[in-house]
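# Fold and contact review
Read off the chains here:
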Amino acid sequence: MDIVNIIAVVIAIASLLAALAHVGYLAMLNSAANKRAGGGPIADYVRSRWPIAGGATAGAVVALLFTAGGTVMDILAVVLAVGSGAVATKALQSTQTRYRSGG
């Protein structure tokens, strides 16, 4: 295992964790919205965000799979993982900002 591969694996895992954090937050928000009267608009918003969360997660998984290849695949994995992680992080921050409570 060379240094490029180690770096690619670490970045891909970080990207996957960011994507899974977004998926988990959406799942938690959806669960709370479904249990609460008047949670319909929030549930609709969550439904509109699932494709973004799924795409970012799929990209992170593919990036992690790319790390099994050679150096060229490691570089592609880093590019894909950084993109997926950035999308997941931005989407998570956007959702948290929208639904953050004051208390």
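Anyway, here's the lowdown on the structure attached to this text. Everything numeric in this text was worked out from a predicted model, so none of it was measured.

## Brief notes about the overall build of the protein chain
For the protein chain, the count of helices and strands is three helices and zero strands. Starting at the N terminus and ending at the C terminus, the protein chain contains elements arranged as α-α-α. For the protein chain, whose C-alpha radius of gyration is 16 Å, the value lies well above the compact-globule estimate of 13 Å for 103 residues. Dimensions of the protein chain, computed from the C-alpha atoms along their principal axes, are close to 55 × 25 × 15 Å. Partitioning the contacts of the protein chain with sequence separation of at least 6, the portion at a separation of at least 24 is 75%. In the form shown here, the protein chain has an accessible surface area of approximately 5,900 Å², with 70% of it arising from carbon and sulfur atoms.

## A word on the nonpolar core
Tyr 25, Leu 26, Leu 29, Val 46, Ala 53 and Leu 92 together form the largest nonpolar core, which totals six residues. Listing elements by their share of this core, those giving two or more residues are α1 (3-35) and α2 (40-66). Top contributing element to this core by residue count: α1, with three residues.

## Things to note about the environment of Arg 98
Summarising the element assignment, Arg 98 is placed in helix α3 (residues 71-99). A distance of 3.3 Å separates a polar atom in the side chain of Arg 98 from a polar atom in the side chain of Tyr 99.

## Details of the packing of α1 against α3
The interhelical angle for the contact between α1 and α3, taken along N-to-C directions, is 25°, at an axis separation of 8 Å. With respect to α3, the element α1 is oriented roughly parallel. Remark: the crossing between α1 and α3 carries left-handed chirality. Looking at side-chain class alone, the contact of α1 with α3 contains 17 nonpolar, nine polar and one charged residues.

## A look at the environment of Gln 96
The topology assignment puts Gln 96 in helix α3. For Gln 96, a relative accessible area of 23% translates into the label partly exposed. Between the C-alpha atom of Gln 96 and that of His 22, which follows or precedes it by 74 residues, the distance is 9.6 Å.

Rules of the game
Residues numbered from 1 in each chain as written. Predicted model: local features only at pLDDT ≥ 70, side-chain atom pairs only at ≥ 80, totals over all residues. Heavy atoms only, no water. Helix = DSSP H or I, 4+ residues; strand = E, 2+ residues; numbered from the N terminus. Rg over C-alpha atoms; globule rule 2.2 N^0.38 Å. Contact = heavy atoms within 4.5 Å. Areas by Shrake-Rupley, 256 points an atom, 1.4 Å probe, with all protein chains shown as cover. Core = buried A, V, L, I, M, F, W, Y, C linked by side-chain atoms within 4.5 Å. Buried < 20%, exposed > 50% of the residue type's maximum accessible area, 1.4 Å probe, protein only. Polar contact = N/O pair within 3.5 Å; in protein donor to acceptor, adjacent residues only side chain to side chain. Axes fitted to C-alpha atoms, helices over the stretch in contact; angles between N-to-C directions. Parallel < 35°, antiparallel > 145°, perpendicular 65-115°, else oblique. Left-handed = near helix turned anticlockwise from the far one by under 90°. Nonpolar A, V, L, I, M, F, W, Y, C, P; charged D, E, K, R; others polar.

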